Amino acid sequence: MSTAVQTKQEKFSIGGREFRSRLIIGTGKYRTFDEMKRAHKASGAEMVTVAVRRVPLDRSTESFLDHLNPQLAILPNTAGCYTAEEAIRTARLAREALNTDFIKLEVIGDQTTLFPDNEQTLQAARELVKEGFIVLPYFTDDLIMAKKLLDAGCPAVMPLAAPIGSGLGVQNPANLRIMREQLPSATIIVDAGVGTASDAAIAMELGADAVLMNTAIAESENPEQMATAMRLGIEAGRLAYLAGRMPKRLYASASSPPGGVVR
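The structure displayed is predicted, hence computed values, not measured ones. (Residues numbered from 1 in each chain as written. Predicted model: local features only at pLDDT ≥ 70, side-chain atom pairs only at ≥ 80, totals over all residues. Heavy atoms only, no water.)

1. Re the overall build of the protein
Piece 1. When helices and strands are tallied, the protein shows nine helices and ten strands.
Piece 2. Taking 2.2 N^0.38 as the reference for a compact globule, 263 residues should give roughly 18 Å; the C-alpha atoms of the protein span a radius of gyration of 20 Å, in line with that estimate.
Piece 3. Oriented by its inertia axes, the alpha-carbon framework of the protein measures out at about 80 × 40 × 40 Å.
Piece 4. Expressed as a percentage of its 263 residues, the buried residues of the protein come to 49%.
Piece 5. In the protein, of all internal contacts separated by at least 6 residues, the share reaching a separation of at least 24 is 64%.
Piece 6. As displayed, the protein has an accessible area near 13400 Å², and 49% of this comes from carbon and sulfur atoms.
Piece 7. Charged side chains in the protein number 29 positive and 30 negative. The centres of these two groups are separated by 7 Å. (Helix = DSSP H or I, 4+ residues; strand = E, 2+ residues; numbered from the N terminus. Rg over C-alpha atoms; globule rule 2.2 N^0.38 Å. Buried < 20%, exposed > 50% of the residue type's maximum accessible area, 1.4 Å probe, protein only. Contact = heavy atoms within 4.5 Å. Areas by Shrake-Rupley, 256 points an atom, 1.4 Å probe, with all protein chains shown as cover. Lys, Arg positive; Asp, Glu negative; His and termini not counted. Charge placed at Lys NZ, Arg CZ, Asp CG, Glu CD.)

In structure tokens, the structure reads:
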């Protein structure tokens, strides 16, 4: 069986649930619901994030919830929360309204950069794990905080690549590489800052198990095409990581060996 076929059949799990797609997508910023649905289908994603505080959970008015493929696993998130207490309340609301124990935990620490407050995130994660949530925490690309979140019972960690919605791509590849090497058995999902397919491929080449994105697809000129590109970028990056890249060298190395040259 070829490596490409093996990779397509390869699965990874989060909180006991298995997924084939390593691309997790969002629901915000699309210009129309139809555009969102086309992008979701093209991405091949099996999980979609939903901002709990930005949607009518009682279905009193039309929202993207009414246009989601029912086969997609919903990952509610606590976007817009600035304290652990606020995030915990939002997570509880999401569980009741959406009937899921999964929660993407976001506790923002700064309004300008939208960088996460790692300490408040850890505090909220510990409480939510005690309450039976499957907590996927968004945090800065900090190895020590990753260890603390995993020790708290989070089944995966979600380090940022760059500020939310910036499209800058992976800004600290060394941090993600170190995290992968130091936490070989952890599930690492790169979140925030991806701008195009090559960014997604780089994140996967560094050893990420999956990538979560929203703005990069939704704000592109053609979300359906970009979703397809992201799917392929994720697959290419995963294949490259499994293949093992050649070592980097300061000087040239001839493609043809010197031995056996006809003289």
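2. Here we look at unusual backbone geometry
Piece 1. A positive phi angle, near 55 degrees, is found at Asn99, a position not held by glycine.
Piece 2. Checked against the element boundaries, Asn99 lands in the loop between α3 (84-98) and β6 (102-105).
Piece 3. The phi dihedral of Ala192 falls on the positive side, at around 80 degrees, and the residue is not glycine.
Piece 4. Positionally, Ala192 belongs in the loop between β9 (189-191) and α7 (197-205).
Piece 5. A residue is classified by how much of its surface remains accessible, and Ala192, at 9% relative accessible area, is buried.

3. Some details on α7
Piece 1. Listed as buried for α7 are Ala197, Asp199, Ala200, Ala201, Ala203 and Met204.
Piece 2. Where α7 is buried, its residues contact β9, β10 (210-213) and α9 (223-243).
Piece 3. One or two positions beyond α7, positive phi appears at Gly207, with a value near 110 degrees.

4. Regarding the pairing of strand β7 (residues 134-139)
Piece 1. A large share of β7 lies buried, amounting to six of its six residues.
Piece 2. The alternating pattern of β7 places Ile134, Leu136 and Tyr138 and Val135, Pro137 and Phe139 on opposite faces, both of which are buried.
Piece 3. By the bridge criterion, four bridges tie β6 to β7 in an arrangement that is parallel. Note that in β7 the partner of Lys104 across the bridge is Leu136.
Piece 4. Handedness of the β-α-β unit built from β6, helix α4 (residues 118-130) and β7 comes out right-handed.
Piece 5. Inspection of the sheet shows β7 paired to strand β8 (residues 158-159) by two bridges, in the parallel sense. Paired with Tyr138 across the bridge in β8 is Met158.
Piece 6. Each parallel crossover has a hand, and for β7 linked through helix α5 (residues 143-151) to β8 it is right-handed. (Pairing = 2+ DSSP bridges. Right-handed = clockwise from strand over helix to strand, strands pointing away.)

5. A look at the packing of helix α2 (residues 33-43) against α9
Piece 1. Contact geometry for α2 and α9: axes closest at 8 Å, N-to-C directions at 20 degrees. When the interaxial angle is binned, α2 and α9 end up roughly parallel. Classified by chirality, the crossing of α9 by α2 is right-handed. Taking contact as the criterion, the partners of Glu35, Arg38, Ala39, Ala42 and Ser43 in α2 are, on α9, Pro223, Glu224, Ala227, Thr228 and Arg231. (Axes fitted to C-alpha atoms, helices over the stretch in contact; angles between N-to-C directions. Parallel < 35°, antiparallel > 145°, perpendicular 65-115°, else oblique. Left-handed = near helix turned anticlockwise from the far one by under 90°.)

6. With respect to the pairing of strand β5 (residues 73-77)
Piece 1. In terms of burial, β5 is largely enclosed, as four of its five residues are buried.
Piece 2. In terms of strand pairing, strand β4 (residues 47-51) meets β5 through five bridges, oriented parallel. Bridging from a neighbouring strand, Thr49 pairs with Leu75 of β5.

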